[in-house]
Amino acid sequence: MTDTRMIDMHVHSAASYGTFSPSALLAEAKKAGLAAMALTDHDTMDGIEEAAEAAEKLDIELVAGVEISADYKDREIHVLGYYLSKEYPKLKAKLEEFRNFRDTRNVRMVQRLQEEGFSITMDQLTEKFPDSVLTRAHISKYLCETGQLPDTKTAFAKYLGENCCCYIQRPKITPVEAVKLIREAGGLAVLAHPVLCNLTPEELKQMIQEMKDAGMCGIEAVYSENTPEDEQNMRKLAEEYGLLVSGGSDFHGTNKPDIRLGTGKGNLNIPYSYLQAFKELRKTVFCY
């Protein structure tokens with residue numbers, strides 16, 4: 001009998017760039033008819049405990065995950081980790097380092113925006129987004145909603161994007177280091193949205209080989225922003241390097257209003273068999 005259950009392996013809550021609390025996110029997953037969901041917040045696992053409690057009540061399979069930011073050839077690369085132990089000391093320390101820097105980074109970016117003539121303070125941001133972990137997305141949203149900039153695209157292109165006047169560089173690790181960190185924490189590492197890495201085909205292949213050599217086991221070939229041709233190319237890469245295929249919406253709530261949980265832009269259909277393949281691999285690799 002064919003398993004028709006649907007899943008989403010790339011989802012964000014208010015613990016990072018999303019707008020739904022972890023428990024509200026699970027309620028949305030239930031409405032969407034998802035059988036399983038991976039919570040993969042940016043550089044934090046703070047929402048996992050709340051999400052796990054909600055998942056148990058709603059009978060949804062939750063994968064404890066994270067999305068780690070890395071750097072390769074001056075490009076920002078994201079690495080997904082599935083089935084992680086957030087108590088693993090090295091991972092816990094690195095995520096705490098990221099979180100602490102993010103807090104001071106926000107203050108410094110707000111100061112730079114003030115120097116550019118914008119009316120914005122940290123108190124205003126926390127009042128506007130009381131239950132959120134503040135990020136550049138929240139800063140840009142505030143500037144737009146207060147009429148100081150026309151749209152978030154302009155905010156990032158002129159002020160908050162990498163190399164812009166108000167941007168503060170974040171701590172960097174390499175994709176290989178991210179993969180090793182995930183593996184050491186008992187997790188499975190997957191390259192997120194490879195098309196968005198903005199690498200040449202040769203550079204992408206080189207990076208994938210390096211990450212596979214470090215223990216990476218999958219590629220997110222099914223993704224909201226992918227064209228059918230993109231997906232086909234990423235599936236071919238996964239096959240070429242002997243990697244599993246992952247799929248996710250990259251849902252952020254109202255911060256990405258055109259992306260729906262589970263279905264992305266209406267182009268996603270992520271079967272439970274993808275998750276089952278990772279579960280089978282996990283048994284082999286970690287003897288679970």
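Going along each chain's sequence as written, the residues are numbered from 1 onward. Whole-chain, interface and lining totals are the exception, using all residues; otherwise, since this is a predicted model, local features are given only for residues with pLDDT of at least 70 and side-chain atom pairs are given and counted only at 80 or more. Where side-chain values are given, they derive from all heavy atoms of the structure, hydrogens and water being excluded.

**Student:** How should the overall build of the chain be read in this particular structure?
**Tutor:** Note on conventions: DSSP H or I runs of at least 4 residues are helices, E runs of at least 2 residues are strands, and numbering of each starts at the N terminus. Within the chain one finds 10 helices and seven strands. For 288 residues, the compact-globule estimate of 2.2 N^0.38 gives 19 Å, and the C-alpha radius of gyration of the chain, at 19 Å, lies within 12% of that figure. Across its three principal axes, the chain shows a C-alpha extent of roughly 60 × 45 × 40 Å. Residue burial is assigned from relative accessible area. The probe radius is 1.4 Å, only protein chains are included, and a residue is buried under 20% of its type maximum, exposed over 50%, and partly exposed in between. Looking at the chain as a whole, 51% of its 288 residues qualify as buried. Residue contacts are counted whenever heavy atoms from the two residues lie within 4.5 Å of one another. Taking all contacts inside the chain whose residues are at least 6 apart in sequence as the whole, residues at least 24 apart take part in 71%. Each accessible area is a Shrake-Rupley estimate made with a 1.4 Å probe; only the visible protein chains count as cover when residues are assessed. On the chain, roughly 13300 Å² of surface is accessible, and the fraction owed to carbon and sulfur atoms is 49%. Asp and Glu count as negative and Lys and Arg as positive, but His and the ends of the chain are not part of the count. In plain terms, the charge of a residue is placed at NZ if it is Lys, CZ if Arg, CG if Asp and CD if Glu. For the chain, the distance from the average position of its 34 positive side-chain charges to the average position of its 44 negative side-chain charges is 1 Å. The reference for a compact globule is 2.2 Å times residues^0.38; the radius of gyration itself is calculated from the C-alpha atoms.

**Student:** Please clarify how the environment of Thr4 should be interpreted in this entry.
**Tutor:** Positionally, Thr4 belongs in the segment before strand 1 (6–11). Owing to a relative accessible area of 62%, Thr4 belongs among the exposed residues under this scheme.

**Student:** Sorry, what's going on with the environment of Asp250 here?
**Tutor:** Structurally, the position occupied by Asp250 is in the loop between strand 7 (244–248) and helix 10 (272–286). In this structure Asp250 comes out as buried when scored by relative accessible area, which is 4%. Those residues in contact with Asp250 that sit more than four places away from it in its chain are His10, His12, Glu67, His193, Tyr223, Lys256 and Ile259. Polar contact is the term for a pair of N or O atoms within 3.5 Å; when the atoms are in protein, one must be able to donate a hydrogen and the other to accept it, and sequence-neighboring residues count only if both atoms are side-chain atoms. One polar contact links Asp250 to Lys256, side chain to side chain, over a distance of 3.1 Å.

**Student:** I would appreciate a short explanation of the layout of surface pockets in the present structure.
**Tutor:** Gaps between atoms show up when a probe of the same size as a water molecule is rolled over them. As a volume, the largest pocket reaches approximately 1300 Å³. Both site types are read off a 1 Å grid over the protein atoms alone. A 1.4 Å probe that fits but cannot get out defines a cavity, while an open set with protein on both sides within 12 Å along at least five of seven lines defines a pocket; lining residues have an atom within 4 Å of a point. As for the largest pocket, its lining consists of 41 residues, of which Tyr17, Glu76, His78, Arg136 and Phe156 are closest to the centre. Elements with a contribution of two residues or more to the lining of the largest pocket: strand 4 (75–82), helix 3 (89–115), helix 5 (136–145) and helix 6 (152–160). With six residues, the single largest contributor to the lining of the largest pocket is helix 3. In the scheme used here, Gly and all other residues not listed as nonpolar or charged are polar, with Ala, Val, Leu, Ile, Met, Phe, Trp, Tyr, Cys and Pro taken as nonpolar and Asp, Glu, Lys and Arg as charged. Tallied by class, the residues present in the lining of the largest pocket amount to 14 nonpolar, 13 polar and 14 charged. Grid points are joined across faces, edges and corners, and a volume is the space filled by probe spheres set on the points.

**Student:** Would you explain a negative patch on the surface in this entry?
**Tutor:** A patch is a set of surface residues, each over 30% in relative accessible area and not in a salt bridge, joined within 9 Å for like charges and within 5 Å for the nonpolar side chains Val, Leu, Ile, Met, Phe, Trp and Tyr. Salt bridge criterion: a side-chain nitrogen from Lys or Arg within 4 Å of a carboxyl oxygen from Asp or Glu. A surface patch of like charges, here negative, comprises Glu49, Glu50, Glu53 and Glu56. Residue placement: Glu49 occurs in helix 2 (residues 48–58). Assessed through its relative accessible area of 52%, Glu49 is described here as exposed.

**Student:** Quick question: what am I supposed to make of the environment of Asp46 here?
**Tutor:** Summarising the element assignment, Asp46 is placed in the loop between strand 2 (34–39) and helix 2. Distance in space between the C-alpha atoms of Asp46 and Ala15 is 6.3 Å, their sequence separation being 31 residues.

**Student:** What is the right way to read the pairing of strand 4 from this model?
**Tutor:** Within a regular strand, side chains alternate between the sheet's two faces. Along strand 4, six of the eight residues are buried, which leaves the element largely enclosed by surrounding structure. Between any two strands, pairing holds if DSSP finds at least two bridges. Taken together, the eight bridges between strand 3 (residues 61–72) and strand 4 define a ladder with antiparallel strand orientation. Residue Tyr72 lies in a different strand from strand 4, and its bridge partner there is Arg75. In this structure, the hairpin formed by strand 3 and strand 4 is closed by a connection of two residues, where Lys73 is found at a positive phi of approximately 50 degrees.

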